[in-house]
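Here is how the chains run, residue by residue.
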Amino acid sequence: MARKTKPNVPDHIVIGGHTIPVVFGDVDGDDWGEFKSEPMRIDLNARRHTEHPDLLDSTLFHEAWHAAAEISGLTEILTGKQEEAIAKCLERLMWPLLQWRGSGE
Ligand SMILES: [Zn+2]
């Protein structure tokens, strides 16, 4: 069996002047990641991302959106389903667009 190594994960990100810890560890359920608002923190599912490190950056981008929505106040006007739909749109459609610079194409 191939040995899995821990992906390169930042210990925090900064959004709107707020430093948000990023924890690579256990996540409730089977989610890839989770943003918690009180106190703000992003948890990344170590088990899933050790198996699929290629999805780590897009998951962090997704969870960073949740943090940005909280910090900006958008969560005051969005339902949970609306917030998640925007997160999935950004992760699935906009994150790949942002990768063009490193693709060499
Ligand atoms: Zn989400």
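This structure is a prediction, so every number in the text was calculated from the model and none was measured.

Take the packing of helix α2 (residues 56-72) against helix α3 (residues 80-97) next. Relative orientation of the contacting elements α2 and α3 amounts to 140°, with a least axis distance of 9 Å. Overall, the two elements α2 and α3 adopt an arrangement that is oblique. For the pair α2 and α3, the sense of crossing is right-handed. Contacts from Ser58, Phe61, His62, Trp65, His66 and Ala69 in α2 reach Glu83, Ile86, Ala87, Leu90, Glu91 and Trp95 in α3. Class assignment of the residues belonging to the contact of α2 with α3 gives a composition of seven nonpolar, three polar and two charged.

Here we take up the sheet that holds strand β3 (residues 33-37). Two strands in a sheet stick together by hydrogen bonds in their backbones, pointing the same way (parallel) or opposite ways (antiparallel). One open sheet holds the four strands; their spatial order is β1-β2-β4-β3, and the pairing between them is mixed. The open sheet has two edge strands, β1 (12-15) and β3, and neither has a second partner. Each adjacent strand pair in this sheet contributes to an overall mean axis angle of 25°, direction not counted. Against the sheet, α2 touches β1, β2 (18-25), β3 and β4 (40-45), its axis set at about 20° to β3.

Take α3 next. Here α3 is 18 residues long and its end C-alpha atoms lie 25 Å apart, about the 26 Å a rise of 1.5 Å per residue gives. In α3, a bend of some 35° at Glu91 exceeds every other bend along the element. With one of its 18 residues buried, α3 lies for the most part at the surface.

Now for the nonpolar core. The biggest cluster of nonpolar side chains holds ten residues, and these are Ile20, Phe24, Ile42, Leu44, Leu56, Leu60, Ala64, Trp65, Ala67 and Ala69. For this core, the secondary structure elements donating two or more residues are β2, β4 and α2. Of the residues forming this core, the biggest block, six residues, is contributed by α2. Apart from the residues lying within four places of it in its own chain, the contact partners of Ala64 are Ile13 and Ile15.

Right, let's get into the pairing of β4. Each regular strand shows side chains that alternate between the opposite faces of the sheet. Where β2 and β4 come together, four bridges link them in parallel fashion. Considered in β4, the bridge of Val22 is made with Ile42. Counted between consecutive antiparallel strands, the loop separating β3 from β4 contains two residues.

Conventions used here
- Residues numbered from 1 in each chain as written.
- Predicted model: local features only at pLDDT ≥ 70, side-chain atom pairs only at ≥ 80, totals over all residues.
- Axes fitted to C-alpha atoms, helices over the stretch in contact; angles between N-to-C directions.
- Helix = DSSP H or I, 4+ residues; strand = E, 2+ residues; numbered from the N terminus.
- Parallel < 35°, antiparallel > 145°, perpendicular 65-115°, else oblique.
- Left-handed = near helix turned anticlockwise from the far one by under 90°.
- Contact = placed C-beta atoms within 7 Å.
- Nonpolar A, V, L, I, M, F, W, Y, C, P; charged D, E, K, R; others polar.
- Pairing = 2+ DSSP bridges.
- Expected span 1.5 Å × (residues − 1).
- Bend = angle between axes of the 7 residues up to and from the residue.
- Buried ≥ 20, exposed ≤ 12 C-beta atoms within 10 Å, placed from the backbone.
- Core = buried A, V, L, I, M, F, W, Y, C linked by C-beta atoms within 7 Å.

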